Each structure stands twice: as C-alpha cells, then as structure tokens.
Amino acid sequence: MVKAVDIEGLIKKYVEENSFERADALYLLALTDRRTAASVLRIRYGLSGPLSSVLDDLKALGVTELYEETGDTKEDVRDVIKDAFIRLCLGKIRDFARKNAAALSRAAKGLLYIISRIRPKNSLNIDRLLDLYNFLFQEKIDRITLEKHLEELVKCYVISYISSSYIYFPPYLDELLQELEGFSPHVEVKISWPVEKNL
C-alpha cells in the first residue's frame, strides 16, 4: 500500500528534476480523467507524454486506483496529490502563469477580467461566461472562438480544465488572479439615470 510520504516524494523528485509537466500531469490525474488530463497537457506543454511516465511511476509505487487510501495517513491518494502539488509547486505555477500571460490575446485578457470579478469558487458555465463577455465588451464572439481563448487561460493555469459545459478552476485561483492583475484590462462602467419629471 502506497504511503503519503512516497507520493510527496514523487512530486519533489519531479520538481528537482525540472520536470514540472510531470508534476502537473499527476495533479491533473487527481482532478479529472485521463483523456481530459492529456488534453490539458497538450494545451500547456504541446505533448501528453508525461501522463504515461506518471502512470508508470504510480504503478511502481503500488498505486492501482487514485481513490484508494494511503497506508500511513489513511488519506485519499487524490487528496495527498492535490495538497502536495499545491504546497510544492505554487511558486512555479505563478512563474509560468506570468510568463504565459504576456502572450494573452485581447479577448483572453477580457475573459481574465470577468473571471477576476466573478471569483468563481469551483466552476463556471461556459455559456454564462460567453454572455457576460459579449455584454460587457460589446463584441460578439461565438462558442468556438471563446473556447480557443479559454485555452490561453488554461496555459496560464487560471483554468484547470474545460468540459462540454463548464470551466473548472484551481483552488489557488485567488493567488493567481492577484499575480496576473496587471494583465487584465481597465474597465469603467458609467451609469446615467433618467431625470424624473415632476408632474
């Protein structure tokens, strides 16, 4: 039975070997299914190969299912992975996020602005985000174009992954939004109420 300390050691090893994509692959496996994890890895790093490497490493540790308990702390393996990844990798995530944010398109920056104002807890409906974008910026973009710009935010780690209807956010979203505040547009909304006429 795998120990929590061994899982943490695996993530430390990835970080020390400068193989952050493998640490990210392990984290994504703890969040979602293999197909979605592979898709995110292709968006962020241009390859999904780290997934196979991580699966081999988990097998070598004796992990058969990510929902099993660890032998020492009796925690869910997925929870151990998530906690250790955030604790050990948040600094790197911030660095990569800032670096990738420099290449964000105008539309992606607009989406980043909306997300920073909504501050979603876990997920957000894609159609709702599309409606908010079209309303606030008075630009009509379609769903396919929107998803292309959302992938830019996946590269910045602001979005963990995208399903057919929802966008899912990481638990460290607030820290990232603070880090990327300078990349969002400045938006001013002016309201003018009609003057009431006395009869």
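The rules behind the values
Residues numbered from 1 in each chain as written. Predicted model: local features only at pLDDT ≥ 70, side-chain atom pairs only at ≥ 80, totals over all residues. Heavy atoms only, no water. 1 Å grid on protein atoms, 1.4 Å probe; cavity = no way out; pocket = protein on both sides within 12 Å on 5 of 7 lines; lining within 4 Å. Points joined across faces, edges and corners; volume = space filled by probe spheres on them. Helix = DSSP H or I, 4+ residues; strand = E, 2+ residues; numbered from the N terminus. Nonpolar A, V, L, I, M, F, W, Y, C, P; charged D, E, K, R; others polar. Bend = angle between axes of the 7 residues up to and from the residue. Buried < 20%, exposed > 50% of the residue type's maximum accessible area, 1.4 Å probe, protein only. Contact = heavy atoms within 4.5 Å. Core = buried A, V, L, I, M, F, W, Y, C linked by side-chain atoms within 4.5 Å. Salt bridge = Lys/Arg side-chain N within 4 Å of Asp/Glu carboxyl O.

Draft legend 1. Expanded view of empty space enclosed by the protein. One pass over the structure, following the stated rule, counts one cavity of 30 Å³ or more. Here the largest cavity defines a volume of roughly 30 Å³. What lines the largest cavity is Asp24, Tyr27, Leu28, Leu31, Arg44, Tyr157, Ile159, Ser160, Pro170 and Tyr172. The greatest single-element share of the lining of the largest cavity, amounting to four residues, is contributed by helix α2 (residues 20-31). Classifying every residue of the lining of the largest cavity by side-chain character gives seven nonpolar, one polar and two charged.

Draft legend 2. Representation of helix α5 (residues 77-101). At Cys89, α5 shows its maximal bend, which comes to roughly 65°. The set of residues buried in α5 consists of Val77, Val80, Ile81, Ala84, Phe85, Cys89, Leu90, Ile93, Ala97 and Ala101. Along its buried surface, α5 packs onto α1 (4-16), α2 and α9 (173-179).

Draft legend 3. Looking closely at the layout of surface pockets. Each pocket or cavity is described by its volume, and for the largest pocket that value is around 310 Å³. Lining the largest pocket are 14 residues, with Arg34, Leu55, Thr64, Glu65 and Leu66 positioned closest to its centre. Looking at the lining of the largest pocket, the elements that each hand over two or more residues are α2 and α4 (49-61). A total of four residues in the lining of the largest pocket trace back to one element, the largest contributor, which is α4. Here the lining of the largest pocket is built from residues that sort into seven nonpolar, two polar and five charged. Estimated volume of the second largest pocket: approximately 230 Å³. Forming the boundary of the second largest pocket are 14 residues, of which Lys121, Asn122, Phe169, Pro170 and Pro171 lie nearest the centre. If you list the elements that add at least two residues to the lining of the second largest pocket, you get α2 and α9. Its residues assigned to classes, the lining of the second largest pocket shows nine nonpolar, two polar and three charged.

Draft legend 4. Seen up close, the nonpolar core. Within the largest apolar cluster, 65 residues are counted, with the highest numbers of intra-cluster contacts made by Phe85, Ile93 and Val158. Per element, the largest residue contribution to this core is 10 residues, and it comes from α5.

Draft legend 5. Highlighting the pattern of salt bridges. Per the counting criterion, the structure on display carries 11 salt bridges. Here Lys12 and Glu8 are joined by a salt bridge, their closest N and O atoms 3.7 Å apart. With a gap of four residues between them, Lys12 and Glu8 both fall in helix α1, about one helical turn apart. Here Arg87 ties to Glu8 by a salt bridge, and the two come within 3.2 Å at their closest N and O atoms. Remark: Glu8 occurs in helix α1 and Arg87 occurs in helix α5; sequence separation between them is 79 residues.

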